[in-house]
Every structure is written in C-alpha cells, then in structure tokens.
Amino acid sequence: MYIRKQRLLTPGPTPLYPPALHAMMASDIHHRTEEFRNVYKSALADLKEVYGTQGDVLCFAASGTGAMDASVSNLFSKGDKVVVCTAGKFGERWAEIAKAYGLDANVLKVEYGEVVTPDRIEAALKAEPGTRGVFIQASETSTGAEHDVKTIAEIVKKTDAIFVVDAITGLGTMPLDIDGWGLDVVIGGSQKAFMIPPGLAFMSVSAKAWKHADKADLPHYYFNLKKEKKSGDGGESSWTPATSLILALGEALKYIKKVGMAHLIENAQLLARATREATGELGLELFAKRPGSSVTAVRAPAGMDSGAIVKGFKERFGAIIANGQGSMKGQIFRMAHLGYFDFADMFGVIAGLEIILRANGHNVELGKGVAAVQGVYEAAKSAPKLAAA
Ligand SMILES: *Cc1c(COP(=O)(O)O)cnc(C)c1O
C-alpha cells in the first residue's frame, strides 16, 4: 500500500486553511462574554472589509441556502412579482424558494451551460415595471458558468427591484463591487472561498434592500435580518452562534486580508485559466459557454462516463472532484479553484487527470496538460501572492 493523501478538490466544501482549523479547538468558550463578543465583532468587521461594502453584512449559523431563504422571507411579500434567473441547479433553488414563499416568479430559464443574458432581464423588467426583485447566481456552480453581474446590476438599479445575488461561489473568484454596481443582497457561504467548514452563511444588505424589508410581510423567525443586524452591532448573534466556525472564520479572514481579496480572486482566475488551457490541450471540451473561475466544468470524452474520472481520482489519488449534478451527472466533471488552492495543487490535478484519461482509453500524451498549467504559471506577470500559511 502506498500513501494517498485525502484531497478535497470540490467547489464546496473546499480545502481548509490549517490555522483556521486549529482555531476551532478553542471553542470551549461562552458566546455571551466580552471575550467572544470581541472575536465576533472583529470577524464581522473583517467580513465587511472583505466583502468591500459600506453597507451591512450579516452572518447566520446555516449553510448558504439559509441566507437565500432569509433574503426571500425578509425582503418580500406574498404575491410579489420577481424575476428569477435559472441557469443550473442553484438557479432552480431560487425558483423553488420563491415558489415556497408564494412569490409570483417570472423564471428566466436557460439550458445548462448557458447564462441568462442582460437583455432578457431588461425586457422582463420593462414588461413588468412592478417587479420587486431579481434573483441570480453570480457563479452557477453546477455548470461552471458566470453571469454578467455588473451589466445586469446597471439594469436592475434603474428600477424599484432589488438585485439579490447568490455569490456563494462568486465571492473570492470574480470582482463584485457591491456598492459601486448596486448589488442589494450578496450571499456567501463559509465552505467556499472562505476556506473553512460548512455552517455559516453571509449576506450583505443595501439601503434599498432595507427599505424592502420595511414593507415585507412574509413570515419568518430564525432568520430575522433586522434582529441580526441589531445583535451584530452589539457584538452578538441573535441565537447561539456556531462558535467554532466563528473562531475559524476570524482566522481565515485575517489570511484573506493579508493575501488581499483582489489577489484571492486573481488566484482563482489564474488557476481556472490554467485548467481551461490544460483541458483544451487534452482534447476536452468546456461545459460552460461563459466559464467562471470558481470551478471548471469539463465534458468527459465521447463515450466515457464522467463518473469514471471522478472514481479514478478517488481510487488512485484519494482526491474528490465533483461529478455533474442532476441530468449533468455522468456527462461532466468539475475541478474547483476557489479559496485555498494553489498552482502546486493544479499541477497534481492535471497530471492525475492525464493518467486517468489514458487508463480509460482517451489517449493523451503525458505532460501535455501539465505543461499548459506550467505555461500559465510562468506567464503570470507576478506569481499569485498567496502568503504561506
Ligand atoms: C454551494 C452553493 C450554494 C449553497 O449551498 P449550501 O449547501 O446551502 O451551502 C448555493 N449556491 C451556490 C451557487 C453554491 O455553489
């Protein structure tokens, strides 16, 4: 038997930043103490800095979907007209949440791998001037596609609708100028570019969104934005916080600030570019028409089930990559770049991919993909400035 290290190469959960993991061991702490209030306050302040907004940023003990749910239940009323952009499994989640709460949703759906274009959203808003909200994924993790958030924001900004962005894999992988572009709600999750385990959801709230909250009448209890804002201002959370995760978050945010959000984004972008070039060299096709940098979705070669590639990574290298979800299962495989990934990871992933492809009858020349990654590394004007842990 040889050593096979376990590696998480999925777009959530992502590899953990070791000092954040170690920080979790100090969780024998009470949350209603000065000591914890200081930790919580500084984590919220750093979160706001990393989000890059002057608006409010809230934190919930929940997976990312909790904040998606909260954005609907706190900012809308039953029967409100909304536009829901659906380009994959996570867009479908928006449509399901809107339906669960009785919103009147105009679902703009596209085929998996495509994106909803700004002109379609503009037309939908023109046709229904009473629209109260527009929902989208910045990065649709199930297909690897990225929406043109900036252009869409310019359109939504001119209307009474608020722009609610699931940026759970968008944060840290693409620029998102919350205040400059007018993004009213931007949702994040701990297990993505934040490099810590699942269990925390984040959400920025603009002044325009708070005005919506004043008029909203949908029932909610656990996720109460106004209460959470008040609690957070006092260094506390409304309910018992996930203390261990808050300790981890504090540590990870210090690191993200040290690296710089712009460099964290550039890091993901470089790794994504390297992956696109490598898979191109290996004769593989990308799944998304407008690929983002959180994850690269690649079509398996004709006649090969993508599950064989996923299985190959697990069995040969102890590594977990993602299969396609839903009807994309067996068709595509997905390699992540968000958060704590570096070029050395990428060299290994592509080298492993070459071996697995050959073992499954797709004959590629060994080293061709790896050389493409090395080329991107060398061409990068400055190597990504990921500080050593
Ligand atoms: C991971 C993810 C979510 C959140 O899923 P949870 O399992 O609730 O954390 C939502 N949207 C996108 C785009 C994601 O990648």
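In the block above lies the structure referred to throughout.
Residues numbered from 1 in each chain as written. Predicted model: local features only at pLDDT ≥ 70, side-chain atom pairs only at ≥ 80, totals over all residues. Heavy atoms only, no water.

Caption draft 1: Spotlight on the site of the ligand. With respect to spatial proximity, 14 residues lie near the ligand, and among them Ser-63, Thr-65, Thr-141, Asp-166 and Lys-192 are the closest. Here an oxygen atom of the ligand and a side-chain polar atom of Thr-141 are 2.5 Å apart. Between the ligand and Gln-191, the relevant distance is 2.8 Å, taken from an oxygen atom to a side-chain nitrogen or oxygen of the residue. When isolated, the ligand has an accessible area of 380 Å², and the protein chains bury 88% of it. Of all the secondary structure elements, the ones that give two or more residues to the shell around the ligand are helix 3 (64-75) and helix 4 (89-100). With three residues, the top contributor of residues to the shell around the ligand is helix 3. When its residues are assigned to classes, the shell around the ligand shows three nonpolar, eight polar and three charged. (Near = heavy atom within 4 Å. Polar contact = N/O pair within 3.5 Å; in protein donor to acceptor, adjacent residues only side chain to side chain. Areas by Shrake-Rupley, 256 points an atom, 1.4 Å probe, with all protein chains shown as cover. Helix = DSSP H or I, 4+ residues; strand = E, 2+ residues; numbered from the N terminus. Nonpolar A, V, L, I, M, F, W, Y, C, P; charged D, E, K, R; others polar.)

Caption draft 2: Highlighting the side chain of Asp-56. Along the chain, the position of Asp-56 falls in strand 2 (residues 56-61). For Asp-56, a relative accessible area of 18% gives the class buried. Among the polar contacts made by the side chain of Asp-56, one reaches the side chain of Lys-229 at a distance of 3.1 Å. Excluding residues that lie within four positions of it along the chain, Asp-56 makes contacts with Met-203, Ser-204, Val-205, Trp-210 and Lys-229. (Buried < 20%, exposed > 50% of the residue type's maximum accessible area, 1.4 Å probe, protein only. Contact = heavy atoms within 4.5 Å.)

Caption draft 3: Expanded view of the nonpolar core. Ranked by size, the top nonpolar core spans 93 residues in total, and within it Phe-163, Leu-183, Phe-194, Ile-309 and Leu-353 carry the most contacts. Per element, the largest residue contribution to this core is nine residues, and it comes from helix 10 (residues 243-259). Counting residues domain by domain, this core receives three or more from each of domain 1 (7-13 + 260-382) and domain 2 (18-259). With residues up to four places along the chain from it excluded, the contact list for Leu-183 reads Val-149, Ala-153, Phe-163, Val-165, Leu-176, Asp-177, Ile-178 and Ser-206. If you look at the next biggest cluster of nonpolar residues, it comprises 31 residues, including Tyr-101, Ile-162, Val-164 and Leu-218. (Core = buried A, V, L, I, M, F, W, Y, C linked by side-chain atoms within 4.5 Å. Domains from an automatic or database assignment.)

These figures capture arrangement, not role.
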